[in-house]
Amino acid sequence: MERNQLLRQISSMRQSLFDQGFLDEQFLQLEELQDDANPNFVEEVVTLCYRDSSRLTLKLEHALQKTPLDFKQLDSSMQQFMGSSSSIGAKRVKAQCTLFREYCKAGSGEGCLRTFQQLKKERAALKKKFESYFQLKRQAGPSQTASRPK
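Throughout, residues of each chain are indexed from 1 in the direction in which the sequence is written. For this predicted model, a pLDDT threshold of at least 70 governs which residues receive local features, and a threshold of 80 or more governs which side-chain atom pairs are given and counted, while totals over whole chains, interfaces and linings are taken from all residues. Here the side-chain values reflect all heavy atoms present in the structure, with hydrogen atoms and water set aside.

### Some thoughts on the overall build of the protein
Thinking step 1. Each helix and strand in the protein was counted, giving six helices and zero strands.
Thinking step 2. Secondary structure of the protein in N-to-C order comes out as α-α-α-α-α-α.
Thinking step 3. If you line up the protein on its principal axes, its C-alpha atoms span 55 × 30 × 25 Å.
Thinking step 4. Contact definition: two residues touch when any of their heavy atoms are within 4.5 Å. Of the contacts formed within the protein by residues at least 6 apart in sequence, a portion of 69% connects residues at least 24 apart.
Thinking step 5. Values of accessible area rely on a 1.4 Å probe in the Shrake-Rupley scheme; residue burial ignores everything except the protein chains shown. Put simply, the protein shows about 8,700 Å² of open surface, and 51% of that area lies on carbon and sulfur atoms.
Thinking step 6. Averaged over its 24 positive side-chain charges, the protein has a centre that lies 4 Å from the centre of its 18 negative ones. Here a strand is any run of E in DSSP of at least two residues, a helix any run of H or I of at least four, and the numbering for each starts at the N terminus. Residues scored as charged are limited to Lys and Arg (positive) and Asp and Glu (negative), so that His and the chain ends carry no count. Taken as the charge location is NZ of Lys, CZ of Arg, CG of Asp or CD of Glu.

Here you go:
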């Protein structure tokens, strides 16, 4: 595939991540930190975030299997998860984290379980999209400075 075509595809894919509500402004700020000295900065940060959220997902799964539920511990773990997700602009994931924390405050185990399942789906969907996006970016090679979506 020719480089210009790849760049158009990357731009379109990136825009769709915003249009579909997967990403927010924080992702743009992250992109602004990337430069020639560290051309893979965004991908590295996203990879670290997903590594961290995998650990937190397991921790939350174990905590959600305990009886009675420790809502304080669940909320604390979800706060970490939310911080990690927020740092990469994962808008839909962050929204599920917020909802989960509200259910913790309300003491609703059912709400926490349901929201956690949705959170895992949102996280997995964004991960797939990121994998495709970064694969295309690697194919295109180093690019110009990031631009704001329309």
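### Quick notes on empty space enclosed by the protein
Thinking step 1. The way it works is a 1 Å grid over only the protein atoms, where trapped points that fit a 1.4 Å probe form a cavity and open points with protein on both sides within 12 Å along at least five of seven lines form a pocket, and then any residue with an atom within 4 Å of a point lines it. Grid points are joined across faces, edges and corners, and a volume is the space filled by probe spheres set on the points. Across all of its chains, the model carries one cavity of 30 Å³ or more by this definition.
Thinking step 2. In this structure, the largest cavity occupies an estimated 50 Å³ of space.
Thinking step 3. Taken together, Cys 49, Tyr 50, Ser 53, Phe 81, Ser 85, Ile 88, Ala 90, Val 93, Arg 123 and Leu 126 make up the lining of the largest cavity.
Thinking step 4. If you list the elements that add at least two residues to the lining of the largest cavity, you get α3 (41-64), α4 (71-87) and α6 (109-140).
Thinking step 5. When residues are grouped by polarity, Ala, Val, Leu, Ile, Met, Phe, Trp, Tyr, Cys and Pro land in nonpolar, Asp, Glu, Lys and Arg in charged, and all others, Gly among them, in polar. Taken together, the residues of the lining of the largest cavity break down into seven nonpolar, two polar and one charged.

### Brief notes about the environment of Arg 51
Thinking step 1. Secondary-structure assignment places Arg 51 in helix α3.
Thinking step 2. Between buried and exposed lies partly exposed: a residue is buried under 20% and exposed over 50% of the maximum accessible area for its type, with that area taken using a 1.4 Å probe on protein chains only. On the basis of relative accessibility, which here comes to 55%, the residue Arg 51 falls in the exposed class.
Thinking step 3. Sequence-wise, Arg 51 and Ser 84 are 33 residues apart; in three dimensions their C-alpha atoms are separated by 10.0 Å.

### Observations concerning the layout of surface pockets
Thinking step 1. Reported here for the second largest pocket is a volume of approximately 190 Å³.
Thinking step 2. Surrounding the second largest pocket, Glu 43, Val 46, Thr 47, Tyr 50, Arg 51, Ser 54, Arg 123, Lys 127, Phe 130, Glu 131, Phe 134 and Arg 138 form its lining.
Thinking step 3. Of all the secondary structure elements, the ones that give two or more residues to the lining of the second largest pocket are α3 and α6.
Thinking step 4. The residue makeup of the lining of the second largest pocket, split by class, is four nonpolar, two polar and six charged.

### Concerning the nonpolar core
Thinking step 1. Judged by nonpolar contacts, the single largest core of 37 residues is most densely connected at Leu 23, Met 78, Phe 81, Ile 88, Phe 100, Leu 126 and Phe 130.
Thinking step 2. Among the secondary structure elements, those contributing two or more residues to this core are α1 (3-19), α2 (25-32), α3, α4, α5 (91-106) and α6.
Thinking step 3. Dropping the residues within four chain positions of it, Phe 100 is found in contact with Leu 60, Leu 64, Leu 74, Met 78, Cys 112, Thr 115 and Phe 116. For our purposes a nonpolar core is just a set of buried Ala, Val, Leu, Ile, Met, Phe, Trp, Tyr and Cys residues, chained together by side-chain atoms within 4.5 Å.

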